[in-house]
Each structure stands twice: as structure tokens, then as C-alpha cells.
Amino acid sequence: MESKSKKAGATRLCCLCILRRPVLKRPKTLQQICRECFYEVFEEEIHQVIVQNRLFKSGERVAIGASGGKDSTVLAYVLSELNRRHNYGLDLFLLSIDEGITGYRDDSLETVKRNEVQYGLPLQIVSYKDLYGWTMDDIVKMIGLKNNCTFCGVFRRQALDRGAALLKVDKLVTGHNADDIAETVLLNILRGDIARLSRCTSITTGEDGPIPRCKPFKYTYEKEIVMYAYFKKLDYFSTECIYSPNAYRGFVREFIKDLERLRPRAILDIIKSGEDFRIATTTKMPEQGTCERCGYISSQKWCKACVLLEGLNRGLPKMGIGRPRGVNGDHKKDTKKPGPAVKSIESKQCGSLDFQNFGN
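Cut-off values and rules
Residues numbered from 1 in each chain as written. Predicted model: local features only at pLDDT ≥ 70, side-chain atom pairs only at ≥ 80, totals over all residues. Heavy atoms only, no water. UniProt positions renumbered as here; feature names shortened; annotations may be inferred. Buried < 20%, exposed > 50% of the residue type's maximum accessible area, 1.4 Å probe, protein only. Helix = DSSP H or I, 4+ residues; strand = E, 2+ residues; numbered from the N terminus. Right-handed = clockwise from strand over helix to strand, strands pointing away. Pairing = 2+ DSSP bridges. Patch = residues over 30% accessible without salt bridge, like charges linked within 9 Å, V, L, I, M, F, W, Y side chains within 5 Å. Areas by Shrake-Rupley, 256 points an atom, 1.4 Å probe, with all protein chains shown as cover. Salt bridge = Lys/Arg side-chain N within 4 Å of Asp/Glu carboxyl O. Contact = heavy atoms within 4.5 Å. Phe/Tyr/Trp six-rings, centres within 6.5 Å; stacked < 30°, edge-to-face > 60°. Polar contact = N/O pair within 3.5 Å; in protein donor to acceptor, adjacent residues only side chain to side chain.

Under an unreviewed UniProt entry, the name given to the protein chain is Cytoplasmic tRNA 2-thiolation protein 1, and the organism recorded is Camelina sativa. The UniProt entry for the protein chain carries this comment under Sequence similarities (unreviewed entry): "Belongs to the TtcA family. CTU1/NCS6/ATPBD3 subfamily."

Q: A description of the pairing of strand S3 (residues 61-65) should follow, citing residues and the corresponding values.
A: Burial analysis of S3 places four of its five residues in the buried class, which makes it a mostly covered element. Handedness of the crossover joining S3 and strand S4 (residues 91-98) through helix H3 (residues 70-85): right-handed. Pairing geometry for S3 and strand S6 (residues 171-173), over three bridges, is parallel. Residue pairing in the sheet places Ile64 in a bridge with Val173 of S6.

Q: I'd like a description of a nonpolar patch on the surface, backed by residues and values.
A: A cluster of nonpolar side chains, contributed by Leu190, Tyr248 and Phe251, occupies part of the molecular surface with about 350 Å² of accessible area. Its location among the elements puts Tyr248 in helix H11 (residues 248-262). Judged by its relative accessible area of 41%, Tyr248 is partly exposed.

Q: Please provide a residue-by-residue account of helix H13 (residues 304-313), values included.
A: Because each turn of an α-helix spans 3.6 residues, side chains separated by three or four positions end up pointing in the same direction. Across the 10 residues that make up H13, a large majority, eight, are buried. Along H13, the residues classified as buried are Ala305, Cys306, Val307, Leu308, Leu309, Glu310, Gly311 and Leu312. Tucked inside the fold, the buried residues of H13 contact helix H5 (128-132), helix H6 (136-143) and helix H7 (148-167). Looking at the residues trailing H13, positive phi occurs at Gly315, about 75°.

Q: Tell me about the packing of aromatic side chains, and name the residues and values.
A: When we look at a pair of aromatic rings, we describe it by the centre distance and by the angle of the planes. All chains considered together, the criterion is met by 15 aromatic pairs. A centroid spacing of 6.2 Å and a plane angle of 75° characterise the contact between Phe38 and Phe231, whose relative ring orientation is edge-to-face. One end of the pair, Phe38, is in helix H2 (residues 35-52); the other, Phe231, is in helix H10 (residues 222-232), and 193 residues separate them in sequence. The buried category is assigned to Phe231, whose relative accessible area is 8%.

Q: Account for unusual backbone geometry, with residues named and values stated.
A: The phi dihedral of Leu30 is positive, around 65°, even though this residue is not glycine. Note that Leu30 resides in the loop between strand S1 (24-25) and strand S2 (32-33). Note on Leu30: relative accessible area 52%, which makes it exposed. The backbone of Lys233 shows a phi angle near 55°, a positive value even though the residue is not glycine.

Q: Please give an account of the environment of Arg261 that cites residues and values.
A: Note that Arg261 resides in helix H11. Each C-alpha atom, one on Arg261 and one on Pro27, is 9.6 Å from the other, the two residues being 234 residues apart in sequence. A distance of 2.2 Å separates polar atoms of two side chains, one belonging to Arg261 and the other to Asp258.

Encoded structure:
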């Protein structure tokens, strides 16, 4: 009986240090580890991802996309710690986008402002209102809760690039984690979006665009990010966006969670499958160009943001949803006059903003 109790006691020790009691079981490895060892392996794995993929060079200016949520807060904390510990030689900045969502983004931005002080990182906030003349509250009033995530996603991506240009950074890092990337792989399969499927698992994207984007959390599970934030008592905002309950991604997210419960390794296996996809040489891929209106990267004459904005300004928001008609491909034949000019943060008409020179 005594030997059995000793064995039982031994199994309750951290499998790495064999000194302290474990506080969690890692989903990737199923190891039961203590808090101190968890900090060490969590941070070291992210460091190895950064080093092995050569995400940064010494002296670079790097913007951290900061929403105030758990992912971006942990990213800001860990990246600032690793930068000091391993002498990356990076100048780090926080970059936040104010979509104009009352009761959600205004509250989360207060968290980011506290992070600015806590981590000693300069903060830049760029708003939809300044860039496009519209807030998400305004957009939802016009179009309702259906398709509103399309507007927000398109505007947010471009707003991040414009904010990064204002900061004159060399790289933009985001808190996209392994769960997010697995979701994106499945979403692109379900949508038949071959172009995005071919690049969605890349740890660095946009190298041919204005500012490359990196994902240091590519192989980091969401559960571990939550546990890290909890154990470290990091200050983050945990409320979900009030406009996202009906988002298509939400259904895929639930499916991923179900898979993870059955087989935790499934998340990394989906990412590996996405990495190993080979697109047939006969598949016609969109050709990268620039938007005729704003100069942003686009495979059409007008980028998606300009198409959506044109529809909003004309009072025809559905014009930018789905297959573009009358604007993107044949806007010269459209005799309807556009709505009033929208001022950007440089007091230029948003549609004619020269993105390539933005922030210079």
C-alpha cells in the first residue's frame, strides 16, 4: 500500500522539473507541468519559432496589432520580454484599430492604453471614422447584423496597414494563434478560396505588399494563451464583439473546438495539411496589382475596401457584398455620382488616398 501511494504521489509532480505540482496538461504534448515550467516552455517555443523562421532583424521597427484581447496582450507581453532577454534589438510599438463599436471597442481600447503604460510601448490608434468616414455602429445601422463582418474585416486589414505606415514600421505582428489558423484553413476550403488557401498558413505574409505581417503564435494553442494570461495576471479585455455572433467563422470555430476535445493534436494537423496543399498548375490565380483609387494592393481595379466604401457612400451597401458589379469591374460605365467626399486622417478624399505614400 505504501509503495502504491508513493507512485501515485510521484505522478502528481511536474513531468519536467519533478519538483512542483502540475497546474495544467498541455494540449499539444499532454504533459502535466507546473506553472514555472509552463512559463519557460511557452516562451521558449515562441522564441524558437521567431528564430527558426527569421521573423525579425536587429534594428527593425515592429508594430504589434493590439486589440486589448488575450492574444494581442500576451503577444505584446511575451515579445517585449523576449526582445529584452534575447537582445532582438527591436523597436516595438502597439497599434490599435478603433472600429467604432460602442460598448466593445471603446472599452477594450482602455485596456490597450493601460498596456501602453504597463509594458512601456508607444501606442498608435487609427479609427474607421478618420479613415473611412464611417464607424461600425454606423454601418450596422445601415446594413443590419448580416454581412457586417465583411465590412469590418476588409476595413480592419487595410486600417492596420495604414496605421503601420504611419508608424513607419518594418513589420506588423498579429496575435493569430494555432486555432485561428486552423479555422482559416477550413474556411478557405469551405469557400473554395484557393488564393487565400495557398497562403493562409504562411507565418509571414504580405512580403510583396506595403508591410509584411508575422504570426509568432502560429503553433501556439489558444488554451495555452488563456492559461498564460491567467497565471501571469495580465490585464486584458475578454468580451466578444457584440456584432459577431452570426459570423460564419463562429461555426467553424465550434467545429474546431469539437475536434480538439476528441483529439487535441487535430489543430496542428489541420495547419500541417494547409501547409502541404499543392495548387494545380492549371488553376488560374488572381494577379496582384494596385487599386486605381487608393493604391492599396488589389487583384481588381478597385480594392475591396473602396468597393465597400463606395456602396456605403451611395446608400447601396449591398453593392460591395459578393461578386462586385458596376464598381470594381465596370465602374467607368456607372453614371451615378458618388456620395460626399470622405476625409481621411490626412484630410484627403479616402477614395483618392495614395496608400503607397501614406505616413511618409
